[in-house]
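Each chain is listed here by its residues.
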Amino acid sequence: PIDPSFEENREQVDEHEGHAVWGPVDEPEELGIHGTHVAVDFDICLADGACLEDCPVDVFEWVDSPGHPESELKADPANEDQCIDCMICVDVCPVDAIDVDAG
Ligand code: SF4
């Protein structure tokens, strides 16, 4: 599962579409964690899609990740600022790739 303490254990190495990327990143095999309030571990995400379907405010968008060992699409928290902390995505993700900081 995603490390809920990623902000302490990782360093922000980049920014993508207005949200942080937490390393390490070594493309295409290692993509890090995207987002902070809504954080998705791209190295765990296997493109199940439940978060895209179930998020009531459409926080997630697909991004291509060709060459990644888990999946060639990732659920990007493109609109994390719109999150209402319902926790549905955390509950439906089959591989616990998502952390929402509702505190
Ligand atoms: Fe969307 Fe709810 Fe997840 Fe926030 S916690 S990203 S509102 S499903």
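Our subject is the structure that appears above.
Residues numbered from 1 in each chain as written. Predicted model: local features only at pLDDT ≥ 70, side-chain atom pairs only at ≥ 80, totals over all residues. Heavy atoms only, no water.

Observations concerning the overall build of the chain
Piece 1. Regarding its fold elements, the chain presents 3 helices and 7 strands.
Piece 2. N-terminal to C-terminal, the α/β element order of the chain is α-β-β-β-β-α-β-β-α-β.
Piece 3. Taken over the C-alpha trace, the chain has a radius of gyration of 12 Å; the compact-globule value for 103 residues is 13 Å, and the two agree within 12%.
Piece 4. Its C-alpha atoms give the chain principal-axis dimensions of roughly 30 × 25 × 25 Å.
Piece 5. In the chain, of all internal contacts separated by at least 6 residues, the share reaching a separation of at least 24 is 49%.
Piece 6. For the chain, the computed accessible surface area is about 5,500 Å², with 43% contributed by carbon and sulfur atoms. (Helix = DSSP H or I, 4+ residues; strand = E, 2+ residues; numbered from the N terminus. Rg over C-alpha atoms; globule rule 2.2 N^0.38 Å. Contact = heavy atoms within 4.5 Å. Areas by Shrake-Rupley, 256 points an atom, 1.4 Å probe, with all protein chains shown as cover.)

Here we look at the nonpolar core
Piece 1. With 16 residues, the main nonpolar core has Val38, Val40, Cys51, Phe60, Cys89 and Ile98 as its most contacted residues.
Piece 2. Looking at this core, the elements with two or more residues in it are strand 4 (38–41) and strand 7 (98–100).
Piece 3. Setting aside anything within four residues of it in sequence, one finds Ile98 in contact with Ile2, Val38, Ala39, Val40, Cys51, Phe60, Cys89, Val90 and Cys93.
Piece 4. With 6 residues, the next largest nonpolar core counts Ile2, Phe6, Ala20 and Trp22 among its residues. (Core = buried A, V, L, I, M, F, W, Y, C linked by side-chain atoms within 4.5 Å. Buried < 20%, exposed > 50% of the residue type's maximum accessible area, 1.4 Å probe, protein only.)

Things to note about the packing of aromatic side chains
Piece 1. Under the criterion given, the structure shown has 1 aromatic pair.
Piece 2. On the basis of an interplanar angle of 75 degrees and a centroid distance of 5.4 Å, the ring pair of Phe6 and Trp22 is categorised as edge-to-face. Taken as a pair, Phe6 in helix 1 (residues 6–9) and Trp22 in strand 2 (residues 19–22) lie far apart in primary sequence, 16 residues in all.
Piece 3. Since its relative accessible area comes to 1%, Phe6 is described here as buried. (Phe/Tyr/Trp six-rings, centres within 6.5 Å; stacked < 30°, edge-to-face > 60°.)

Structural notes on the sheet that holds strand 3 (residues 33–34)
Pairing between sheet strands relies on hydrogen bonds along the backbone, with the strands arranged either parallel or antiparallel.
Piece 1. Spatial strand order, 1-2-3-4-7: 5 strands in an open sheet with antiparallel pairing. Taken across any chain shown, the strands that pair with only one partner, and hence form the sheet edges, are strand 1 (12–16) and strand 7.
Piece 2. Bridge count between strand 3 and strand 4: 2 bridges; the pairing is antiparallel. The residue of strand 4 that forms the bridge with Ile33 is Asp41. (Pairing = 2+ DSSP bridges.)

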